[in-house]
Amino acid sequence: MKFAVIVFPGSNCDIDMYHAAKDELGEEAKYVWHDAESLEGYDAVLLPGGFSYGDYLRSGAIAQFSNVMKEVVKAAEAGKPVLGVCNGFQILLEAGLLPGAMRRNDSLKFICKQVELKVENNETMFSAGYEKGEVITIPVAHGEGNYYCDEETLARLKANNQIVFTYHGENPNGSLENIAGIINESGNVLGMMPHPERAVDELLGGADGLKLFKSIVKQWREANAVNA
Amino acid sequence: MYKVKVFVTLRESVLDPQGTAVKNALATHGYEGIQDVRIGKYMELTLDESVKDIDAAVKEMCERLLANTVIEDYRYEVEEVVAQ
């Protein structure tokens, strides 16, 4: 399986994403620069955390118009797995691939710590490796992770089971309904504020994020075995 | 030439944590009667005569990039300026 790790000016979790895919999963991974013309040949897209374009104007606002995002939209429409973490999630929201928007943390503080997440939906290609209701520990590091959407959108997210992860116990940023990660209606675009790529080895303080990456590969292999 | 002043603020229905912090800070300084503080962004665009329909152009810019209409409102003022 071949992963594209998109690199924007200001991405800073791209190496962690690459490490998760290449070293921990043992799959193929390549860095793809923000002005790339094509994502042909890649099976999945990873949008890393960081501060794309300095987060000028709003987090993710400028990145949505970079050249490669047209290709990310195409990959999403083609049903390929697209995972956006932290700034990657913000970019997916700005690009309209996921509904809602990010506000500053209600504490106004940048938070960087381990948090507990509850797996609300384990029937996605990203979360199939977890048990439903399982509580996992994944680090967060953000200043704008306070997820918001209007009531109508929230009702739709709930009705379609699109809320994949919620904060368990303490909500670190004030997000609506403790939302930590959501998926699109087709089930192939996941955005989440916590960083699974920083939790792929006990040496890093935990390996609860590894199952997410393993789920993507397992689902992809099963889908492609059926097609073959 | 035209100068366009664009104001972007969080929608009334969206809690503004920065505004709330500033409101509390003002109260700490003894200022009374402050009902609410909202913090937003102010942008100045200078457009030349090649832009034919200023309203349409500015609206499009606001809705595509300058404001996130999921959580923000925008308004703008257009001022004609004489080039020096």
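What counts and what doesn't
Residues numbered from 1 in each chain as written. Chains lettered and ligands numbered in written order. Predicted model: local features only at pLDDT ≥ 70, side-chain atom pairs only at ≥ 80, totals over all residues. Heavy atoms only, no water. Pairing = 2+ DSSP bridges. Helix = DSSP H or I, 4+ residues; strand = E, 2+ residues; numbered from the N terminus. Axes fitted to C-alpha atoms, helices over the stretch in contact; angles between N-to-C directions. Contact = heavy atoms within 4.5 Å. Buried area = accessible area lost by both parts, 1.4 Å probe. Salt bridge = Lys/Arg side-chain N within 4 Å of Asp/Glu carboxyl O. Polar contact = N/O pair within 3.5 Å; in protein donor to acceptor, adjacent residues only side chain to side chain. Buried < 20%, exposed > 50% of the residue type's maximum accessible area, 1.4 Å probe, protein only. Arc of directions from axis to C-beta. UniProt positions renumbered as here; feature names shortened; annotations may be inferred. 1 Å grid on protein atoms, 1.4 Å probe; cavity = no way out; pocket = protein on both sides within 12 Å on 5 of 7 lines; lining within 4 Å. Core = buried A, V, L, I, M, F, W, Y, C linked by side-chain atoms within 4.5 Å.

1. Some details on the sheet that holds strand β7 (residues 135-142) of chain A
All names here are of chain A. Across the sheet, which stays open at both edges, the nine strands sit in the order β2-β1-β3-β4-β11-β10-β9-β6-β7 with mixed pairing between neighbours. Looking at which strands have only one partner, the edges of the open sheet turn out to be β2 (28-33) and β7. Each strand of the sheet is rotated relative to its neighbour by a mean of 25 degrees, with strand direction disregarded. In this structure, strand β6 (residues 111-119) lies alongside β7, joined through eight bridges in antiparallel fashion. Directly across from Glu116, in β7, lies its bridge partner Thr137.

2. Concerning the interface of chain A and chain B
Chain A puts 15 residues into the contact, and the matching count from chain B is 16 residues. Both faces considered, chain A and chain B share a buried interface measuring about 1300 Å² in area, 66% of it formed by carbon and sulfur atoms. Our count for the contact surface shared by chain A and chain B stands at one salt bridge. Here B:Glu72 ties to A:Arg58 by a salt bridge, and the two come within 3.8 Å at their closest N and O atoms. Where chain A touches chain B, the interface holds five residue pairs in polar contact (both at pLDDT 80 or more).

3. Focus on helix α4 (residues 151-159) of chain A
Note on helix geometry: an α-helix contains 3.6 residues per turn, so any two residues three or four positions apart are oriented the same way. All names here are of chain A. When we look at burial in α4, the residues that qualify are Thr153, Leu154 and Leu157. Projection of α4 onto a plane perpendicular to its axis shows the buried side chains occupying an angular sector of 100 degrees, all on one side. The exposed set on the far side of α4, more than 90 degrees from its buried face, consists of Glu151, Glu152 and Ala159. Of the surrounding elements, those touching the buried residues of α4 are β8 (146-148), β9 (163-167) and β10 (179-183).

4. Side note on the UniProt feature "active site" (unreviewed entry) in chain A
Residues and elements named next belong to chain A. With numbering matched to this structure, UniProt assigns "active site" (unreviewed entry) to Cys86, His195 and Glu197. Look at the named residues: they lie 112 residues apart in sequence, but the longest C-alpha span between them is just 10.9 Å, so in the fold they bunch up. Put simply, the named residues that line the second largest pocket are Cys86 and His195. Setting aside residues no more than four positions away along its own chain, Cys86 makes contact with Gly49, Ala141, His142, Met192, Met193 and His195.

5. Observations regarding the nonpolar core
One finds A:Phe3, A:Ile6, A:Leu83 and A:Phe165 to be the most contacted residues of the largest nonpolar core, which totals 69 residues. Discounting chain neighbours no more than four positions away, the residues touching A:Leu83 are A:Met17, A:Val45, A:Leu46, A:Leu47, A:Phe126, A:Leu190, A:Met192, A:Leu212 and A:Phe213. With twelve residues, the next largest nonpolar core counts B:Val4, B:Val6, B:Leu47 and B:Ala67 among its residues.

6. Overview of helix α2 (residues 67-77) of chain A
All names here are of chain A. Taken together, the buried positions of α2 are Val68, Met69, Glu71, Val72, Ala75 and Ala76. Along α2, the residues classed as buried sweep out an arc of 155 degrees about the axis, all on the same side. For α2, the exposed residues lying more than 90 degrees away from the buried face are Lys70, Lys74 and Glu77. Buried residues belonging to α2 abut β1 (2-7), β2, β3 (44-47), β4 (82-85), α3 (87-94) and β11 (189-192). Following α2 by one or two positions, Gly79 has its phi on the positive side, about 90 degrees.

7. Description of the pairing of β6(A)
Of the strand pairs in this sheet, β6(A) and β9(A) are connected by three bridges, and their pairing is antiparallel. Paired with A:Leu117 across the two strands is A:Tyr167, which belongs to β9(A).

8. Section: the sheet that holds strand β2 (residues 40-47) of chain B
Residue and element names in this part refer to chain B. What the three strands build is an open sheet, ordered β2-β1-β3; its pairing is antiparallel. The sheet terminates laterally at β2 and β3 (72-80), the two strands that pair on one side only. Each strand axis lies, on average, 20 degrees off the axis of its neighbour in the sheet, ignoring direction. Pairing geometry for strand β1 (residues 2-10) and β3, over nine bridges, is antiparallel.

9. Observations concerning the pairing of β9(A)
Residue and element names in this part refer to chain A. Most of β9 is tucked away, with five of its five residues classed as buried. Alignment of β9 against β10, held across three bridges, turns out to be antiparallel. Directly across from Thr166, in β10, lies its bridge partner Ile179.

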